[in-house]
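The chain contents come next:
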Amino acid sequence: MDHVLFWDFDGTLSLPNKSFTSAIYDAISLCGYDVDPAVAEAFCATLYSWKTPQTDYTDRINAQWWDTHFEKIRRFCTSQGIPSAALETICAKFRTQLIDISNYRLYNDTIQTLEACIHLGYRNYLITNNYPEITDNIQKLQLSPYFSGYIVSSHIGYEKPRAEFFAYAKKAAGSPAKAYVIGDNPNADILG
């Protein structure tokens, strides 16, 4: 049997979180500046690449994915009256805060479910609109033994629900006879 399950991560295997919003707010606060939490949250709604899935950023993957986000963070901080001398520190702290493993809590049955799917003959693949280091966090969460591979938007330059993202995932999985997507977002996971 050549069947594959493509699993979303945030909100599907781990509980939903507001790591982007808290990361920008915390990074600014840790540097001694203040920003209205509602303003930070509104900014974050425009920050992440998965809010504009129509954008092809294949020329800005992996480390360059961060550069694109840091440019936006610098502009935002400047608009909030934060001096330019603090911008690089804020960007570095944002990255550290965002990839912090403590942002994630798995659902109680995540490992049991992935394991059961393997026993049923499925190959599990992670598909996620996420930052480049998410695969490191998957290992830290002890999930890597349950996955045959990872498809991460910041590694390929396409976000779900783009057809290119799913075509890449299918090819990475060896073009299985049957594949199913399991996710929590009707647009990104189901429509795509």
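For the structure itself, look to the data block above.
Every value quoted in this text rests on a predicted model; they were computed, and no experiment measured them. (Residues numbered from 1 in each chain as written. Predicted model: local features only at pLDDT ≥ 70, side-chain atom pairs only at ≥ 80, totals over all residues. Heavy atoms only, no water.)

## Details of the packing of aromatic side chains
Phase 1: Taken as a whole and judged by the stated rule, the model has 10 aromatic pairs.
Phase 2: Seen in terms of ring centroids, Phe6 and Tyr125 are 5.9 Å apart; in terms of plane orientation they differ by 50°. Their pairing is tilted. Taken as a pair, Phe6 in strand β1 (residues 3-7) and Tyr125 in strand β2 (residues 122-128) lie far apart in primary sequence, 119 residues in all. When sorted by exposure, Phe6 lands in the same class as Tyr125, which is buried.
Phase 3: Arranged with centres 6.0 Å apart and planes meeting at 50°, the rings of Phe147 and Tyr150 form a pair that is tilted.
Phase 4: Residue Phe147 is classed as buried on the basis of its relative accessible area, which comes to 9%.
Phase 5: Its relative accessible area of 27% is what places Tyr150 among the partly exposed residues. (Phe/Tyr/Trp six-rings, centres within 6.5 Å; stacked < 30°, edge-to-face > 60°. Helix = DSSP H or I, 4+ residues; strand = E, 2+ residues; numbered from the N terminus. Buried < 20%, exposed > 50% of the residue type's maximum accessible area, 1.4 Å probe, protein only.)

## Things to note about the side chain of Lys160
Phase 1: Tracing the sequence through the fold places Lys160 in the loop between α7 (153-156) and α8 (163-172).
Phase 2: Polar side-chain contacts of Lys160 include one of 3.4 Å to the backbone oxygen of Ile127.
Phase 3: Of note is the side chain of Lys160, whose polar atom sits 2.6 Å from the side chain of Asp189.
Phase 4: Once residues lying within four places of it in the same chain are set aside, the contact partners of Lys160 are Asp8, Pro53, Ile127, Thr128, Asn129, Phe165, Phe166, Ala188 and Asp189. (Polar contact = N/O pair within 3.5 Å; in protein donor to acceptor, adjacent residues only side chain to side chain. Contact = heavy atoms within 4.5 Å.)

## Points about the nonpolar core
Phase 1: Residues Phe9, Ile73, Ile90 and Phe94 are the most contacted members of the largest nonpolar core, which totals 42 residues.
Phase 2: Within the residue set of this core, elements represented by two or more residues are β1, α1 (19-30), α2 (37-47), α3 (63-79), α4 (87-98), α5 (110-119) and α6 (134-140). (Core = buried A, V, L, I, M, F, W, Y, C linked by side-chain atoms within 4.5 Å.)

## A word on α1
Phase 1: With 12 residues, α1 should reach 16 Å at 1.5 Å per residue; the first-to-last C-alpha distance of 15 Å fits that figure.
Phase 2: Those residues of α1 that sit buried are Ser19, Phe20, Thr21, Ala23, Ile24, Ala27 and Ile28.
Phase 3: Looking at the packing, one finds that the buried side of α1 touches α2, α3 and α4.
Phase 4: Positive backbone phi, at 90°, marks Gly32, one or two positions downstream of α1. (Expected span 1.5 Å × (residues − 1).)

## Structural notes on the packing of α1 against α4
Phase 1: Interaxial distance between α1 and α4 falls to 8 Å at its minimum, and their mutual angle equals 140°. Considering the angle they form, α1 stands oblique to α4. Where α1 crosses over α4, the two elements pack in a sense that is right-handed. Touching Ser19, Phe20, Ala23, Ile24, Asp26, Ala27, Ile28 and Leu30 of α1 are Ile90, Lys93, Phe94, Gln97 and Leu98, all from α4.
Phase 2: In terms of residue class, the contact of α1 with α4 is built from nine nonpolar, two polar and two charged. (Axes fitted to C-alpha atoms, helices over the stretch in contact; angles between N-to-C directions. Parallel < 35°, antiparallel > 145°, perpendicular 65-115°, else oblique. Left-handed = near helix turned anticlockwise from the far one by under 90°. Nonpolar A, V, L, I, M, F, W, Y, C, P; charged D, E, K, R; others polar.)

## Side note on the state of the cysteines
Phase 1: Within this structure, the stated rule accounts for zero disulfides.
Phase 2: Left unpaired, Cys77 is separated from the closest cysteine sulfur, that of Cys91, by 6.7 Å. (Disulfide = S-S within 2.5 Å.)

## Let's talk about the pattern of salt bridges
Phase 1: A complete count under the given rule lists eight salt bridges for this structure.
Phase 2: With a closest N to O distance of 3.0 Å, Glu41 and Lys18 form a salt bridge. Here Glu41 is found in helix α2, whereas its partner Lys18 is found in the loop between β1 and α1, with 23 residues between them in sequence.
Phase 3: The exposure class assigned to Glu41 is partly exposed, which follows from its relative accessible area of 38%.
Phase 4: Arg95 is the salt-bridge partner of Glu133, the closest N and O atoms lying 2.6 Å from each other. With Glu133 in the loop between β2 and α6 and Arg95 in helix α4, this residue pair connects regions lying 38 residues apart in the sequence.
Phase 5: Through salt bridges with shared partners, a single network forms among Asp8, Lys160 and Asp189. (Salt bridge = Lys/Arg side-chain N within 4 Å of Asp/Glu carboxyl O.)

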